[in-house]
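A structural walkthrough
Residue strings, one per chain:
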Amino acid sequence: MHSILDLQLAPALDDRVSFEAAINENAANAGASTGNRRKRSLVNYSKLWANGRTLKIAFMDNPEVEHKQKIIDIASQWMQYVNLNFDFVEGKEGDIRIATETPYNSSVLGTDALIIVPYQATLNLGVKPGHEDFVTIVLHEFGHALGAMHEHQHPKANIPWDKPKVYQHYQTREMNPLTKEQVDQNIFTPFDSFEALYLDYDRKSIMHYPVLNSLTLGNWHISTNRKISKKDKQLMRLLYPK
Ligand SMILES: [Zn+2]
């Protein structure tokens, strides 16, 4: 049995502020570049970093050298597929700010990091290096930090969820229980973004939650994905072309 840790996508606090930060960073976030398939609206914009940019990435606390290096090595896997540079800096100032002394594993989506107050982390990695899901979680949270959504919320995912059981499972689990609203936000609500238009649903995506058979109708499950999938690579190449 895989342990299912919290891999939450933290929601933006204020849609207007979030929208403005996204557009200031990268005008293409408004949707103009995707042609007429996509509506221009406040709920339908992207949060991608400006292509070609260097992202300063800082640690808010002081993980041990080895711990820190593992996070850097794993996160840097994404760099092969994007036209972005990751600059892991000393000190606490960064576009992306990582906390490790936290019970949570979560990240804000892409440019939402710009609207988080400077003394707060934008990416929480409470998972410890010895944990079997360490690599999965670091890759997954950095995927969000680059603007990737949850794959299980792909409009074409059609997962046969047993909804009452899903609510019960996530609301009552011991580690990081979710509210009903958080279950809706992180599991059920389909997203509508670049990604949905570009690429097909991919059950191997690192952005897909594991799905327990006991939480679906019939015989349907997905075990923990542990690496960046072919589709994840394709998506990143589309979002940040070289
Ligand atoms: Zn997530």
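Residues numbered from 1 in each chain as written. Predicted model: local features only at pLDDT ≥ 70, side-chain atom pairs only at ≥ 80, totals over all residues. Heavy atoms only, no water.

Here's the deal with helix H1 (residues 15–25)
Those residues of H1 lying buried are Ser18, Phe19, Ala21, Ala22 and Glu25. End-on view of H1: buried residues confined to an arc of 165°, all on one side of the axis. (Buried < 20%, exposed > 50% of the residue type's maximum accessible area, 1.4 Å probe, protein only. Helix = DSSP H or I, 4+ residues; strand = E, 2+ residues; numbered from the N terminus. Arc of directions from axis to C-beta.)

Brief notes about the nonpolar core
Formed by 39 residues in total, the largest nonpolar core has its most connected members in Trp78, Phe142, Leu146 and Tyr240. Only strand S2 (54–59), helix H2 (65–75), strand S3 (85–88), strand S4 (96–99), strand S6 (123–125), helix H3 (134–145) and helix H7 (230–239) provide two or more residues apiece to this core. No other element matches H3, which puts six residues into this core. Here Leu146 is in contact with Leu48, Trp49, Leu55, Trp78, Val82, Leu84, Phe86, Gly110, Met236 and Tyr240, once residues within four sequence places are set aside. (Core = buried A, V, L, I, M, F, W, Y, C linked by side-chain atoms within 4.5 Å. Contact = heavy atoms within 4.5 Å.)

Some thoughts on the pattern of salt bridges
Inspection of every chain in the model, using the stated rule, returns nine salt bridges. The salt bridge involving Arg53 is made with Glu25; its shortest N-O contact spans 2.5 Å. Here the residue Arg53 occupies a position in the loop between H1 and S2, and Glu25 occupies one in helix H1, the gap between them amounting to 28 residues. Just as Arg53 is buried, Glu25 falls in that class too. Between Glu90 and Lys68 there is a salt bridge; the shortest N-O distance is 3.7 Å. In this pair, Glu90 sits in the loop between S3 and S4 while Lys68 sits in helix H2, placing the two residues 22 residues apart along the sequence. For Glu90, a relative accessible area of 67% translates into the label exposed. (Salt bridge = Lys/Arg side-chain N within 4 Å of Asp/Glu carboxyl O.)

A look at the packing of aromatic side chains
This model, assessed by the stated rule, comprises four aromatic pairs. On the numbers, 6.4 Å between centres and 85° between planes, the contact of Phe86 with Phe88 is edge-to-face. Ring geometry for Tyr167 against Phe188: centres 5.3 Å apart, planes inclined by 75°, an arrangement best described as edge-to-face. With Tyr167 in helix H4 (residues 163–172) and Phe188 in helix H5 (residues 180–188), the pair connects residues that are 21 residues apart, well separated along the chain. Residues Tyr167 and Phe188 agree in their burial class; the two are buried. Feature note: the residues Phe86, Phe88 and Phe142 constitute an aromatic cluster, connected by ring pairs. (Phe/Tyr/Trp six-rings, centres within 6.5 Å; stacked < 30°, edge-to-face > 60°.)

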